[in-house]
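Chains, contacts and geometry: an overview
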Amino acid sequence: MKNTMSNQVKIMQPSGRLDVTTAADFRRQVNDIASAPTPPQYLLVDLHEITFMDSSGLGALVSALKSIRNSNGDMVICGANDQVQMLFELTSMTKIFKIYTTIDEFNATLS
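The name given to the protein chain in an unreviewed UniProt entry is Anti-sigma factor antagonist, with Pseudanabaena catenata USMAC16 as the source organism. According to its UniProt record, the protein chain has this under Sequence similarities (unreviewed entry): "Belongs to the anti-sigma-factor antagonist family."

Following this line, the structure appears as structure tokens:
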């Protein structure tokens, strides 16, 4: 998982599967970010390298959103493939998460 940092935006780029086997590690990394001395204003989770996500992965994203909001930040998602996008739509998570097609689309909202 690649991580990029700026004062305003922290980018997480998980890869492979976001499921029961990887969800706990993802949650731990987000909790580390949220509990940093100066947490970012935004956590951007770039899912373009995720090949599969199940309900455990979705739960990890919801948990991440709560952690980041508790540190007065916000979380956005970008780069979801068709399977992940369908999972968001079927579970009505599109109403909870701010979802962008690309990082550039999100960056355009910052200026």
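Next comes the rest of the account.
Assigned secondary structure in the protein chain consists of four helices and seven strands. Dimensions of the protein chain, computed from the C-alpha atoms along their principal axes, are close to 35 × 30 × 25 Å. Expressed as a percentage of the 111 residues in the protein chain, the buried residues total 41%. Looking at the protein chain alone, contacts between residues at least 24 apart form 71% of all its contacts between residues at least 6 apart. Split by element, the accessible area of the protein chain, about 5,900 Å² in all, is 51% carbon and sulfur. Each charge sign in the protein chain was given a centre, from 9 positive and 11 negative side chains, and these centres are 7 Å apart.

Another point: helix H3 (residues 82-90). Within H3 the residues assigned to the buried category are Val84, Leu87 and Phe88. In an axial view of H3, the angular spread of the buried residues amounts to 100°, which keeps them on one side of the axis. Among the exposed residues of H3, those pointing more than 90 degrees away from its buried face are Asp82, Met86 and Leu90. Looking at the packing, one finds that the buried side of H3 touches strand E5 (49-53), helix H2 (55-70), strand E6 (74-78) and strand E7 (98-100). If you check the start of H3, you find a side-chain oxygen 3.0 Å away from the backbone N of Gln83, and it comes from Asn81. Of the residues trailing H3, Ser92 is marked for its positive phi of about 60°.

Once that is clear, we can look at unusual backbone geometry. The phi torsion at Asn72 lies on the positive side, around 65°, for a residue other than glycine. Turning to its location among the elements, Asn72 is positioned in the loop between H2 and E6. Assessed through its relative accessible area of 73%, Asn72 is described here as exposed. With a phi close to 60°, Ser92 is a non-glycine residue in the positive phi region. On the secondary structure map, Ser92 appears in the loop between H3 and E7.

Residue pairs spaced three or four apart in an α-helix point in one direction, given the helix's 3.6 residues per turn. With 16 residues, H2 should cover 22 Å at 1.5 Å per step; its first-to-last C-alpha distance of 22 Å lies within 8% of that length. Residues Gly57, Leu58, Ala60, Leu61, Ala64, Leu65, Ser67 and Ile68 constitute the buried set of H2. Its side-chain oxygen 2.9 Å from the backbone nitrogen of Ser56, Asp54 forms the N-cap of H2. The first or second residue beyond H2 is Asn72, which carries a positive phi of 65°.

How each quantity is defined
Residues numbered from 1 in each chain as written. Predicted model: local features only at pLDDT ≥ 70, side-chain atom pairs only at ≥ 80, totals over all residues. Heavy atoms only, no water. UniProt positions renumbered as here; feature names shortened; annotations may be inferred. Helix = DSSP H or I, 4+ residues; strand = E, 2+ residues; numbered from the N terminus. Buried < 20%, exposed > 50% of the residue type's maximum accessible area, 1.4 Å probe, protein only. Contact = heavy atoms within 4.5 Å. Areas by Shrake-Rupley, 256 points an atom, 1.4 Å probe, with all protein chains shown as cover. Lys, Arg positive; Asp, Glu negative; His and termini not counted. Charge placed at Lys NZ, Arg CZ, Asp CG, Glu CD. Arc of directions from axis to C-beta. Polar contact = N/O pair within 3.5 Å; in protein donor to acceptor, adjacent residues only side chain to side chain. Expected span 1.5 Å × (residues − 1).

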